[in-house]
Amino acid sequence: MSDGKINSKTMLAKLQSEYIDSLYKAHERGQKIAWVNGLFPQEFLEAMDIQVAYPENLAATLGAKKGVIPYLDKAESLGYSNDLCSYTRFGLGYEEDFNSDIGNIPKPDIILNCTNICGLCVKWFENTAKRLNVPYILIDTPFQPEYDATENDVDYIVGQFKEMIRQLEAFCGKTFDYEKFSSVMKISRRVAKSWKRATNYVNQIPTPLDGFNLFNYMILAVCCRGKESTADYYDLLADELEELVCKRESQFKGKQKYRIMWDGIAVWPYLGKTYKTMRSNDMVLTGSFYPAEWCVEYEQDDIRSLARSYANRPPIGSLKRQVDARCDIMQCAQCDGTLYHVNRSCKILSFMQPAIRKAVYEMNHKPYATFDGDQTDPDGFSIAQFETRVQALKENLEAVVESGGK
């Protein structure tokens, strides 16, 4: 920026570096290190001054940098099936030596898990806790057959939260800081609001936001939801996007002829190839269900609102809720069609996807295409198939235009 202020790209790199540095200096400061899954209620750990690490995020990072193969092979040599999620296989292989040339996270002092994201992750973390001989805490959030979590669900989860507080007090040797807990919840709510504000710019026509950047921007929403600096970053990003809107400019340098929703996790090892293939077909990503998962909103700073929010996360939501969420994204982002990633790793979403695709199409009649892939394992994806499916989607979109939108 011409006025000498830090821009969002520089700020993101700085905050990521500071986050990793804080993990490796935690023990020097007398802090404990926890491993958690991506949608664990980190507010409790922030309140107890526990440093939080995310092995799933490390798997995605190494996947994007082509660094997971040795660990996938290691897991299979230990007898784990290659049909397991590639995040899990990566973790099981990585935990043999905790040493990657690309990136690392320190060993945990405690592992915590929440069932609101993936059942396999529960077994991965439980296995790891046994291998490393560290405490393991599980928060069970039931699948939501109703549209929203019931009051009984909230009672059940709040009871677990209270027991977790007791366990954390015993683990840390100090009482739970409820004042700091309230402060962290306020910060987390601000982060959600700022993240939503920034990502909503994708809805503009033309969009000022290169939609694939959502997969890069979301790292702080995953790893640092309880920090003021994260909200500051998303506010800065939103300000930059607002400036682009005013200038009618965009981060995306291709033609914005077709606006596409991407359903599912990114194919991290082929992020560049999938992006370039869409761009060469005049497609811009303007909606994605996956980044939206990390907007953890709750109404007020109390434990029941917190429990309800974490109980209503998309992976454990009812089919109706899943369909409505995607239709809302497509409507708000004015999407012309959808690319569905049939992710070999993410069984919980991929198995629901045929019903979701059918219901979404019946509601909005927007063309779609599917492609086979894997979030981290490069062997689970074919660029030739992806190119063919994208071209087929473009042909269907062109046919809609030629028919006058009918």
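How each quantity is defined
Residues numbered from 1 in each chain as written. Predicted model: local features only at pLDDT ≥ 70, side-chain atom pairs only at ≥ 80, totals over all residues. Heavy atoms only, no water. Disulfide = S-S within 2.5 Å. Helix = DSSP H or I, 4+ residues; strand = E, 2+ residues; numbered from the N terminus. Contact = heavy atoms within 4.5 Å. Pairing = 2+ DSSP bridges. Axes fitted to C-alpha atoms, helices over the stretch in contact; angles between N-to-C directions. Core = buried A, V, L, I, M, F, W, Y, C linked by side-chain atoms within 4.5 Å. Buried < 20%, exposed > 50% of the residue type's maximum accessible area, 1.4 Å probe, protein only. Right-handed = clockwise from strand over helix to strand, strands pointing away. Polar contact = N/O pair within 3.5 Å; in protein donor to acceptor, adjacent residues only side chain to side chain.

Tallied over the full model, the rule gives zero disulfides. Summary of cysteine pairing: Cys-118 is not part of a disulfide, and the nearest cysteine sulfur, belonging to Cys-121, is at 5.7 Å. Cysteine Cys-327 is unpaired, with the sulfur of Cys-335 as its nearest cysteine sulfur at 11 Å.

Mapped onto the fold, Thr-286 is located in strand 6 (residues 283–288). When sequence neighbours within four positions are dropped, the list of residues in contact with Thr-286 reads Val-202, Asn-203, Thr-207, Arg-259, Ile-260, Ala-333 and Cys-335.

This paragraph deals with the sheet that holds strand 4 (residues 136–139). Strand order in this open sheet of four strands is 2-1-3-4, and the pairing throughout is parallel. Bordering the open sheet on either side are strand 2 (51–53) and strand 4, each of which pairs with just one other strand. Strand-to-strand twist of the sheet, defined as the mean angle between neighbouring strand axes without regard to direction, takes the value 25°. For strand 3 (residues 110–114) and strand 4, the ladder comprises four bridges, and the chain directions are parallel. Bridge pairing links Leu-112 to Ile-137 in strand 4. Against the sheet, helix 6 (residues 119–132) touches strand 1 (33–36), strand 3 and strand 4, its axis set at about 165° to strand 3.

Leu-112, Leu-168 and Trp-268 are the most contacted members of the largest nonpolar core, which has 114 residues in total. Among the elements that take part in this core, helix 11 (residues 228–247) stands out by supplying eight residues, more than any other. Among residues more than four places away in sequence, those in contact with Leu-168 are Phe-44, Leu-45, Met-48, Ile-50, Ile-110, Leu-112 and Ile-137. Formed by twelve residues, the second largest nonpolar core is a distinct cluster that contains Val-323, Cys-327, Ile-356 and Val-360.

Where burial is concerned, most of strand 3 is hidden: five out of the five residues are buried. Covered by surrounding structure in strand 3 are Ile-110, Leu-112 and Cys-114 together with Ile-111 and Asn-113, the residues of both alternating faces. As defined by bridge partners, strand 1 adjoins strand 3 across three bridges and the pair is classed as parallel. By the bridge assignment for strand 3, Ala-34 is matched with Ile-110. Between the parallel pair strand 3 and strand 4, the chain is carried across by helix 6, and the sense of this crossover is right-handed.

Here we have four strands laid out as an open sheet, ordered 6-5-7-8, and parallel in their pairing. Here the strands that pair on one side only, and so sit at the sheet edges, are strand 6 and strand 8 (368–373). Direction aside, neighbouring strands of the sheet carry axes that sit 30° apart on average. By the bridge criterion, six bridges tie strand 7 (residues 337–343) to strand 8 in an arrangement that is parallel. Across the sheet, residue Asn-343 finds its bridge partner in strand 8, namely Gly-373. Set on the sheet, helix 15 (residues 319–332) makes contact with strand 5 (258–263), strand 6 and strand 7; between it and strand 5 the angle comes to about 155°. Strand contacts of helix 18 (residues 383–402): strand 5, strand 6, strand 7 and strand 8, with the helix running at about 175° to strand 8, the strand carrying the most contacts.

This paragraph deals with the side chain of Gln-42. Summarising the element assignment, Gln-42 is placed in the loop between strand 1 and helix 2 (43–47). Not counting the four nearest positions on each side in its chain, Gln-42 is found in contact with Tyr-54, Ser-188, Arg-225, Gly-226 and Tyr-310.

Our next topic: the environment of Gln-31. Along the chain, the position of Gln-31 falls in the loop between helix 1 (8–24) and strand 1. A relative accessible area of 7% places Gln-31 in the buried class. Sequence separation between Gln-31 and Phe-386 is 355 residues; the distance between their C-alpha atoms is 45 Å. Ignoring any residue separated from it by four or fewer positions in sequence, one finds Gln-31 in contact with Ala-26, Asp-49, Gln-51 and Asp-109. Among the polar contacts listed, one links the side chain of Gln-31 to the side chain of Arg-29, at a separation of 2.7 Å.

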